[in-house]
Amino acid sequence: MTTNITDDAQEMDGQLIPTMCGMCAVRCPIEVQVRDGKPVWLQGNTNVVAMGSSLCPKGAAGISFEQDDERPQQPMIRIGPRGSGQWRKVSWDEALDYIVERLNKIRKKCGGRAIALSDRGGPFIDLTKSFLKALGSPNYFDHDCSCGGNAHNASLSIFGVGRLGMAYDIANTKHIILYGRNIVESLQVMEVRAFMAALDAGAKCTYIDPRSTITAKYARRFWRIRPGADYALNQAIIHEILANKLYDKAFVDRWIEGLESLEQSVKTTTPEWAEKETGIPAQEIRDFVQEVAKDAPHVIFHPGWMTARHSQSFHVSRSTLIINALFGAIEVPGGLIFVKSPADVGGGNMKHLADAIPAVNEPRVDGAGSEHPQWDEEIGILHRLYETLRTGKPYKIGAYIAYRHDPLSGLSDPEAQKKAMESLDLLVSIDVNYSETAWQADVILPEATYLERSNILVQIPAPAPFFMIRQQVMKPRFDSRPAWWIFRELLRRMDLGQYMDFEDIEDIWRYQLQGTGVKIEELRKKGIVTVTDKPTLLDRDNGLRFGTASGKIEIISPNLMKAGLESLPAYRPLEPLPDGQFRLIFGKVAQLNHAQSTNNPLLAERVTDNPLWIHPEAAKKLGIANGDEIQIHSADQKVSSHAFVTEGIHPEAVYLLHGLGRTVKPQTRACNRGVADQRLQLGGLDRFDPAGGGLAMIETVVSIEKTKEKTV
Amino acid sequence: MSKYYLSHNPERCVACEACEVQCKTHHDLSPGPNLCQIQRIEPEDSTDPLNQGFVFMPCFHCEEAACLHVCPTGAIRRREKDGIVYIESALCIGCKSCITACAWGACQWDPETKKAVKCDYCMDRLDEGLKPSCVTVCLTSCLDFVPADQLPERLSKHINQAAGHPEVVK
């Protein structure tokens, strides 16, 4: 092999080594204790006050993951049909050459643009984007069409900065309003701790969800809303704020462009009207608005994280951001605060690997940023790639690389995805797991685990920005490699090595840190290096940096107009439910990271099943009792499950925990356990919110049939 | 009883089970036993998880420790210095007497080693001046571990108020 990449683990036996968790995409700062080359203890990075030594259960299961053998152990090339599970174990040289030979053929025939790649976004995308840029392809996608894409594009359309362009100062808020944002289960350690600190200090939480989550337990006010009616609620809230002149007049006059249009759009959306749509009593909406106005501007209306729910989810996020703006909850403690780069606060910004690579001028296949100017081209809309795979339009995609991303688990309708993938000349999965997508791939490249690899460095823009490191703490247990090495090797073998011309990870780090004043040793020692100690707040009268053309908060978005879409559309209720049918909603628990950790030995024993939640009234009509065996029907699909009859769900909805029902045989603990909700989202690749691009996952309608009484 | 108090604030617990997972990792346990457990309890007349309460159940390290009395080999012992009841694994013959005897489910079966296991408050960590695994990583810091004569402020406040002495609260 070409380098000694497996030997850079620090010689720090028994000491706590700071690094970055990799059990989910939150990537918390952690510390690892290694003895005799094996990790023996994980905890939160105690150098980071907001983190302390805390972990979530997934983070705590990191050693269990590391010790597990049920993951790809060396490169594999498929020999049977796709998905047959017939593989040949090969060397890295053979696997890389195999891939490169096919990539070169595709490049020769269709150009570099015919190569697409998706990952789960996050702070390391400089690497994957640089790889594609070197190939001349614009077709980078993150997973956000099945996650935060609607919230992201909504934020861009109104503030001119994306979802992560604003931080939420939860610890100092007086009232936080969460729309299905299950903050203590779909969790980020530091966010949960800030949330609890806020509650301890007397903050209120209003929680809006068709389902009782553990977050609902922590809310002063829990509205069990009708599924898909959240935009109607927001329109009534805006109506009340404007009708009673409860907004921050100085802030609104200074920063909001288009208030008249907003007033016009909510003229008839009274709380009484919203009561009919949402099921939330009008008086409660009135009281809520009065109450929250008293705490403004130190309030947070959370625009959501997982927002791929229905075809107006974009406008749920957008109207939520509008409410924040009306209350002046921008750039104040306890509200939304612009993130700052190190350079914004007197430091130096990290250099991007992509800076040294020529720009790509090809159009994207999904039309993001061009035909669909309202979709951020930086993240793309991945479900449109499948349309391209089916039709070859606007041009052919020959290769798809899924890097630590499992679209067959994350996006709707895996069978339709597999069918579309048939047109690919090459499908590669780079992952630490046998994902559903890996199992369909032509080549699996095993990435070293987060404890076994170093990554490129990370710069986190925040009110107090910082740099962060993931450093290798142990040698890989199997024949796996870090991502930076894999992508560099692929480029080198395509004679594009000059675009990623680094010998080892420290070589990359030195390049990235030029001009930051930060030293590698410092990062290695602490895990995180801050640029300033305290959050920086901009001048709220003149210093706010909205990225919109007008420099203001734009109620009417030029990009939405260009796309022929309304900026303030009327609420459109979901299609009425036929008798005996339900909307299939989904969610998360603290112990699983979607489908990623379902096979983890210590997590699998916690979540052994995902029964279908159904309301007692609905169950009674169908003659279903708690524990009965049932079938869930979606179009011509039927899957077997059993019923959890509970008042904890809206009568119009049924619920499945996401992440189960896996089919990959080598994952013995996960395979055939529970039900995969995405398999019931038939036709779901083409159901999406046109404004934000996010999939409309809860528009899946199912019926339920009892098949057998509960056996005692 | 042990001289420690492992306290749980159910009003800040989100039942994430990081405590259980970290405990298992530290004690090198396979799927099966959970030496500390978050029990979810709910009123009989409710089917709504909203009404669930969370109770943390470690071993209580009882003064009259039934497990210790029934152990035929002397594998279950009490540490003189702090009262921790623990199993000396080398002496455990896997007879399960302690599992039968413990009313709290603290003694459990490890299918891997075919021996009994129980919470030892991570006494190896205590001896290094650290806190038990569960407490160290608790997501919300709803777990606390203190000498029993130094109750956490939250509890001393509660007890003093219950006793009608709010002025005692510092």
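Please refer to the structure placed before this passage.
Residues numbered from 1 in each chain as written. Chains lettered and ligands numbered in written order. Predicted model: local features only at pLDDT ≥ 70, side-chain atom pairs only at ≥ 80, totals over all residues. Heavy atoms only, no water.

Engineer: An account of the overall build of chain B is requested, with residue identities and associated values reported.
Structural biologist: When helices and strands are counted, chain B shows 6 helices and 8 strands. Taking 15 Å as the expected radius of gyration for a compact globule of 170 residues, we find that chain B reaches 17 Å, a close match to that expectation. Across its three principal axes, chain B shows a C-alpha extent of roughly 50 × 40 × 25 Å. Considering chain B as a whole, with its 170 residues, one finds that 49% of them fall into the buried category. Across chain B, the fraction of contacts at a sequence separation of at least 24, relative to all contacts at a separation of at least 6, is 53%. As presented, chain B carries roughly 8500 Å² of accessible surface, and 53% of it is formed by carbon and sulfur atoms. Side chains of chain B carry 17 positive and 23 negative charges; the gap between the two charge centres is 4 Å. (Helix = DSSP H or I, 4+ residues; strand = E, 2+ residues; numbered from the N terminus. Rg over C-alpha atoms; globule rule 2.2 N^0.38 Å. Buried < 20%, exposed > 50% of the residue type's maximum accessible area, 1.4 Å probe, protein only. Contact = heavy atoms within 4.5 Å. Areas by Shrake-Rupley, 256 points an atom, 1.4 Å probe, with all protein chains shown as cover. Lys, Arg positive; Asp, Glu negative; His and termini not counted. Charge placed at Lys NZ, Arg CZ, Asp CG, Glu CD.)

Engineer: Describe the interface of chain B and chain A, and please don't skip the residues or the numbers.
Structural biologist: For interface size, the figure often reported is the accessible area lost on association. Tallying the contact residues gives 37 residues for chain B and 40 residues for chain A. Here chain B meets chain A over a buried area of about 2900 Å², counting both sides, of which 54% is carbon and sulfur. By the criterion of area lost to chain A, the three top residues of chain B are R12, L50 and L139 of chain B, representing 21% of everything that side buries. In this assembly, chain B and chain A are joined by 5 salt bridges. A salt bridge links K24 of chain B to E605 of chain A; the nearest nitrogen and oxygen atoms lie 2.3 Å apart. Secondary structure elements with two or more residues in the side of chain B that touches chain A: α1 (18-26), β3 (53-57) and α5 (133-137) of chain B. When residues in the side of chain B that touches chain A are grouped by element, the largest group, 7 residues, is from α1 of chain B. Of the residues contributing to the side of chain B that touches chain A, the split by class is 15 nonpolar, 14 polar and 8 charged. (Buried area = accessible area lost by both parts, 1.4 Å probe. Salt bridge = Lys/Arg side-chain N within 4 Å of Asp/Glu carboxyl O. Nonpolar A, V, L, I, M, F, W, Y, C, P; charged D, E, K, R; others polar.)

Engineer: Describe the packing of helix α8 (residues 230-243) of chain A against helix α13 (residues 313-326) of chain A, naming the residues involved and giving the relevant values.
Structural biologist: All names here are of chain A. Where α8 contacts α13, the axes come no closer than 9 Å and their chain directions differ by 20°. Considering their axes alone, α8 and α13 lie roughly parallel with respect to each other. Judged by the sense of rotation from one axis to the other, the crossing of α8 with α13 is left-handed. Taking contact as the criterion, the partners of D230, Y231, N234, I237, I238, I241 and L242 in α8 are, on α13, H315, V316, S319, T320, I322, I323 and L326. Classifying every residue of the contact of α8 with α13 gives 9 nonpolar, 4 polar and 1 charged. (Axes fitted to C-alpha atoms, helices over the stretch in contact; angles between N-to-C directions. Parallel < 35°, antiparallel > 145°, perpendicular 65-115°, else oblique. Left-handed = near helix turned anticlockwise from the far one by under 90°.)

Engineer: Any chance you could break down the pairing of strand β1 (residues 16-20) of chain A for me, citing the residues and the numbers?
Structural biologist: Looking along a regular strand, one sees side chains alternate from face to face of the sheet. Residue and element names in this part refer to chain A. When you tally the buried positions in β1, you get 4 out of 5 residues, the bulk of the element. Bridge analysis of β1 against strand β2 (residues 29-35) gives 5 bridges, and the strand direction is antiparallel. Counterpart to M20 in the pairing with β2 is P29. (Pairing = 2+ DSSP bridges.)

Engineer: Tell me about empty space enclosed by the protein, residues and numbers included.
Structural biologist: A probe matching the size of a water molecule, rolled over the atoms, marks out where space remains unfilled. Residue and element names in this part refer to chain A. Using the criterion set out here, one finds 8 cavities of 30 Å³ or more in the structure. Estimated volume of the largest cavity: approximately 110 Å³. Surrounding the largest cavity, 14 residues form its lining, C21, C24, C28, C56 and V189 being those nearest its centre. Among the residues making up the lining of the largest cavity, the classes are represented as 10 nonpolar, 2 polar and 2 charged. The residue makeup of the lining of the largest cavity includes at least three contributed by each of domain 1 (16-66) and domain 3 (154-340). (1 Å grid on protein atoms, 1.4 Å probe; cavity = no way out; pocket = protein on both sides within 12 Å on 5 of 7 lines; lining within 4 Å. Points joined across faces, edges and corners; volume = space filled by probe spheres on them. Domains from an automatic or database assignment.)

Engineer: So what's going on with the sheet that holds strand β4 (residues 76-78) of chain A? Residues and values would help.
Structural biologist: Residues and elements named next belong to chain A. Read from one edge of the open sheet, 7 strands run β5-β4-β17-β16-β15-β6-β7, paired in mixed fashion. The open sheet terminates on both sides in strands that have one partner only, identified here as β5 (87-89) and β7 (140-141). Of the strand pairs in this sheet, strand β6 (residues 115-118) and strand β15 (residues 399-403) are connected by 4 bridges, and their pairing is parallel. Within β15, the position partnered with S118 by the bridge is A402.

Engineer: Describe α13 of chain A, with residues and values.
Structural biologist: Residues and elements named next belong to chain A. Taking 1.5 Å per residue, 14 residues should reach 20 Å; α13 reaches 20 Å between its end C-alpha atoms and fits that length. α13 sits mainly inside the fold: 14 of its 14 residues count as buried. G328 occupies a position one or two residues after α13 and carries a positive phi of about 65°. (Expected span 1.5 Å × (residues − 1).)

Engineer: A description of the environment of W485 of chain A should follow, citing residues and the corresponding values.
Structural biologist: All names here are of chain A. Looking at where W485 falls in the secondary structure, it is placed in helix α18 (residues 483-493). On the accessibility criterion, W485 (0% relative accessible area) is buried. Linking W485 and D142, residues 343 residues apart in sequence, is a C-alpha distance of 21 Å.

Engineer: Account for the sheet that holds strand β3 (residues 38-44) of chain A, naming residues and giving values.
Structural biologist: All names here are of chain A. Across the sheet, 3 strands lie side by side as β1-β2-β3; this open sheet has antiparallel pairing. The open sheet terminates on both sides in strands that have one partner only, identified here as β1 and β3. Direction aside, the axes of adjacent strands within the sheet are offset by 35° on average.

Engineer: Tell me about the packing of aromatic side chains, and please be specific about residues and values.
Structural biologist: Per the stated rule, a full pass over the model turns up 22 aromatic pairs over all chains. Aromatic side chains F65 of chain A and Y450 of chain A sit 6.4 Å apart centroid to centroid with 10° between the ring planes, which places their arrangement in the stacked category. Linking F65 of chain A in helix α2 (residues 62-67) with Y450 of chain A in the loop between β17 (443-446) and β18 (458-460), this pair joins segments that are 385 residues apart in sequence. Across the pair, Y450 of chain A and F65 of chain A agree in class, each one buried. Judged by centre distance (5.9 Å) and plane angle (85°), the rings of W273 of chain A and Y571 of chain A are edge-to-face. With W273 of chain A in helix α11 (residues 271-278) and Y571 of chain A in the loop between α21 (558-562) and β22 (581-587), the pair connects residues that are 298 residues apart, well separated along the chain. Three or more aromatic residues link up through ring pairs in this structure, and these residues are F159, W255, F338 and F546 of chain A. In this structure, R71 of chain A is placed above the aromatic ring of F65 of chain A, and the distance from its NZ or CZ to the ring centre is 5.5 Å. The ring of W41 of chain A has R125 of chain B lying over it, and the distance from NZ or CZ to the ring centre is 3.8 Å. (Phe/Tyr/Trp six-rings, centres within 6.5 Å; stacked < 30°, edge-to-face > 60°. Lys NZ or Arg CZ within 6 Å of the ring centre and 35° of its normal.)

Keep in mind that these numbers describe shape and distance, not what the molecule does.
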